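Chains, contacts and geometry: an overview
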Amino acid sequence: MSSSSAVGAADYVHGYSEREAARLGDQADTLAALLHAGTAYPAGSRVLEMGCGVGAQTVHLAQSGPGARITAVDHSADSLAQARARIAAHAPEADVEWCHADLFDLPFSPAEFDHVFVCFVLEHLPDPRRALAVLRRVLRPGGTITVVEGDHGSALFHPASALARAVIDCQVQLQSAAGGDALIGRQLHPLLVRAGYDDIAVRPRTVYADRSRPTLVDGFTRNTFIAMVEAVRDEALAAGLMTEADWDRGITDLHRTALAEGTFHYTFFKAVAVNRPDTGLPAPGR
């Protein structure tokens, strides 16, 4: 749903504005229980968080696994600075080492980590299978990787609106043009198989918001999902994907899903897999 790019600013369709940093924080806090449930790394374990961005997820990793030794990596120096400040404010006792690096040029030894955590990163990459294979190299045999991604095709809402659907599709098209895939959540299992992982378990993590869940209406429907779509307005119009009038009507309709009679549904996918020992044989599906 969006983290800072692990491989460069050009790949990150949402940009690096203060508004985007705030949106990422809102998203992580609102979805912490949903996305981080079942993820608690033991004290002393070596954890690589790839594409940490502004540290929105790093805080929750540190809080759910006190004593874990986290190495947080991002390509953006500005994002890393914000992540440091966020950890200092919200998890000052956390053991976090910061690393400014590209996913495809990591400065780590083979098998250096016990666990890898990747959240909202693969969606921005032109070759997510290769990225997973690179991460497998720095993960010890028997270690785990946890991958969390969204899937914009899972957005269901009431009242129905073709123009609201169209503005969401604009975001999908722009992300595809930038080399990413906003529909990647449904692909996690085959991607992990092709990258050589074993014991792969993918589970849906569903967000549903209506007037009986005001925290989710504000934190997710308005401040996470709609804010993300609104942020690509200028790009969508410049690309000729919609007229300005249709865009404005679509956004208005999307906001109706957060009103008293509205509902909104979205599915994230969380995968956990194990790094199988390298037998020298190709992984199934390669």
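Overview of the structure. These numbers were taken from a predicted model, which means no experiment stands behind them.

Brief notes about the overall build of the protein chain
Summing up its helical and strand segments, the protein chain has nine helices and eight strands in all. The 286 residues of the protein chain split such that 53% are buried. Within the protein chain, contacts between residues separated by at least 24 positions form 78% of all contacts whose residues are at least 6 apart in sequence. Surface summary for the protein chain: the accessible area is close to 11,800 Å², and the carbon and sulfur share equals 53%.

What to know about the nonpolar core
Membership of the largest hydrophobic core comes to 47 residues, with the highest contact counts inside it found for Phe225, Val229 and Trp247. Among the elements that make up this core, the one with the highest residue count is helix 7 (residues 214-230) (seven residues).

Observations concerning the pairing of strand 3 (residues 95-100)
Where strand 2 (residues 69-74) meets strand 3, six bridges bridge the pair, whose relative direction is parallel. Directly across from Ala72, in strand 3, lies its bridge partner Trp98. In the classification by handedness, the crossover that spans strand 2, the intervening helix 3 (residues 77-90) and the parallel strand 3 is right-handed.

A look at the pattern of salt bridges
The full count for this structure, using the stated rule, is ten salt bridges. Notably, a salt bridge pairs Arg46 with Asp114, separated by 2.8 Å at the nearest N-O pair. In this pair, Arg46 sits in strand 1 (residues 46-50) while Asp114 sits in strand 4 (residues 113-119), placing the two residues 68 residues apart along the sequence. A relative accessible area of 12% places Asp114 in the buried class. With a shortest N-O distance of 3.0 Å, Glu244 and Arg233 are connected by a salt bridge.

Quick word on the packing of aromatic side chains
Counted according to the given criterion, the structure contains ten aromatic pairs. Aromatic pair Phe220 and Phe264: ring centres 6.2 Å apart, planes at 55°, arrangement tilted. Taken together, the residues Phe220 in helix 7 and Phe264 in strand 8 (residues 263-275) connect sequence positions 44 residues apart. As far as burial versus exposure is concerned, Phe220 and Phe264 are alike and both buried. A connected cluster of aromatic rings, assembled from ring pairs, spans Phe120, Phe157, Phe220, Phe225, Phe264, Tyr266 and Phe268.

Let's talk about helix 9 (residues 244-256)
Look at helix 9: 19 Å from first C-alpha to last across 13 residues, which is about the 18 Å you get at 1.5 Å a residue. Within the span of helix 9, buried status applies to Trp247, Gly250, Ile251, Asp253 and Leu254. Along the axis of helix 9, the buried residues cluster in a sector spanning 160°; they form a single face. At its buried positions, helix 9 is contacted by helix 5 (162-177), helix 7, helix 8 (233-238) and strand 8.

What to know about the packing of helix 5 against helix 9
It is at 7 Å that the axes of helix 5 and helix 9 come closest, and there the two elements cross at 105°. By the angle class used here, helix 5 and helix 9 are roughly perpendicular. Of helix 9, the residues touching helix 5 (which contributes Leu163, Ala164, Val167, Ile168 and Cys170) are Asp246, Trp247, Arg249, Gly250, Ile251, Asp253 and Leu254. Residues belonging to the contact of helix 5 with helix 9 are distributed by class as follows: eight nonpolar, one polar and three charged.

Notes on the packing of helix 7 against helix 9
A pair of packed helices is captured by two measures, namely the crossing angle of their axes and the spacing between those axes. Look at helix 7 against helix 9: their axes get within 11 Å of each other, and the N-to-C directions meet at 180°. By the angle class used here, helix 7 and helix 9 are roughly antiparallel. In this structure, helix 7 contributes Ile226, Val229 and Glu230 to the contact, and helix 9 contributes Trp247, Ile251, Leu254 and His255. Grouping the amino acids of the contact of helix 7 with helix 9 by side-chain chemistry returns five nonpolar, one polar and one charged.

Rules of the game
Residues numbered from 1 in each chain as written. Predicted model: local features only at pLDDT ≥ 70, side-chain atom pairs only at ≥ 80, totals over all residues. Heavy atoms only, no water. Helix = DSSP H or I, 4+ residues; strand = E, 2+ residues; numbered from the N terminus. Buried < 20%, exposed > 50% of the residue type's maximum accessible area, 1.4 Å probe, protein only. Contact = heavy atoms within 4.5 Å. Areas by Shrake-Rupley, 256 points an atom, 1.4 Å probe, with all protein chains shown as cover. Core = buried A, V, L, I, M, F, W, Y, C linked by side-chain atoms within 4.5 Å. Pairing = 2+ DSSP bridges. Right-handed = clockwise from strand over helix to strand, strands pointing away. Salt bridge = Lys/Arg side-chain N within 4 Å of Asp/Glu carboxyl O. Phe/Tyr/Trp six-rings, centres within 6.5 Å; stacked < 30°, edge-to-face > 60°. Expected span 1.5 Å × (residues − 1). Arc of directions from axis to C-beta. Axes fitted to C-alpha atoms, helices over the stretch in contact; angles between N-to-C directions. Parallel < 35°, antiparallel > 145°, perpendicular 65-115°, else oblique. Nonpolar A, V, L, I, M, F, W, Y, C, P; charged D, E, K, R; others polar.

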